[in-house]
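If you want the building blocks of each chain, they are given just below.
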Amino acid sequence: MCLGIPGQIVEIVDATTNIAVADVSGVRRNVNVTCVMGGGIDDLVGKWVLIHVGFAMALIDEDEARKTMETLIDLGEAQEEFEAMFAGDRAVAGRA
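Small disclaimer: the values here were computed from a predicted structure and weren't measured. (Residues numbered from 1 in each chain as written. Predicted model: local features only at pLDDT ≥ 70, side-chain atom pairs only at ≥ 80, totals over all residues. Heavy atoms only, no water.)

A short note on the pattern of salt bridges
- One pass over the structure, following the stated rule, counts four salt bridges.
- The closest approach of N and O atoms between Arg 66 and Glu 70, which form a salt bridge, is 3.0 Å. Taken together, the positions of Arg 66 and Glu 70, both in helix α1 (residues 62-95) and four residues apart, correspond to about one turn of that helix.
- Glu 70 gets classed as partly exposed once you look at its relative accessible area, which sits at 40%.
- Residues participating in the shared-partner salt-bridge network are Asp 63, Arg 66, Lys 67 and Glu 70. (Salt bridge = Lys/Arg side-chain N within 4 Å of Asp/Glu carboxyl O. Helix = DSSP H or I, 4+ residues; strand = E, 2+ residues; numbered from the N terminus. Buried < 20%, exposed > 50% of the residue type's maximum accessible area, 1.4 Å probe, protein only.)

A short note on the nonpolar core
- Counting residues in each nonpolar core, the largest one holds 13 residues, and the members touching the most others are Ile 9, Val 31, Val 33, Val 36, Leu 44, Val 49 and Ile 51.
- At three residues, strand β2 (residues 19-24) tops the list of elements feeding residues into this core.
- With near-sequence residues (within four places) excluded, Val 49 lies in contact with Ile 5, Pro 6, Gly 7, Ile 9, Val 36, Ala 56, Ala 58, Leu 59 and Ile 60. (Core = buried A, V, L, I, M, F, W, Y, C linked by side-chain atoms within 4.5 Å. Contact = heavy atoms within 4.5 Å.)

Some thoughts on the pairing of strand β4 (residues 48-52)
- Taken together, the four bridges between strand β1 (residues 5-14) and β4 define a ladder with antiparallel strand orientation. Counted as the bridge partner of Pro 6 is Leu 50 from β4.
- In this sheet, strand β5 (residues 55-60) lies alongside β4 in antiparallel orientation, the contact comprising five bridges. Across the sheet, the residue bridging to Val 49 is Leu 59, located in β5.
- The antiparallel hairpin formed by β4 and β5 contains two residues in its connecting segment, where Val 53 sits at a positive phi of about 45°. (Pairing = 2+ DSSP bridges.)

Here you go:
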């Protein structure tokens with residue numbers, strides 16, 4: 001499964017290679033924005049995108065970004081619960 005992480009474009013680093021800085025929950029990282037360029041690259045500053053392996057793959061609105069991040073957080077919490085449950089099952093199996 002491939003996941004896109006929402007981020008907001010905050011700066012253009014290199015217009016020649018289509019590299020911008022995206023803020024992802026307070027962490028800034030360089031992303032390639034080639035796939036989401038419709039107009040000029042400077043028009044992307046302030047826009048929300050879904051990022052996958054360093055590429056902005058789709059433009060989204062702020063509400064969709066918030067909902068996506070909430071879902072990803074919920075999935076992470078569910079994953080932690082599953083891991084704890086499986087660790088408990090392994091511990092019980094080891095004692096039997």
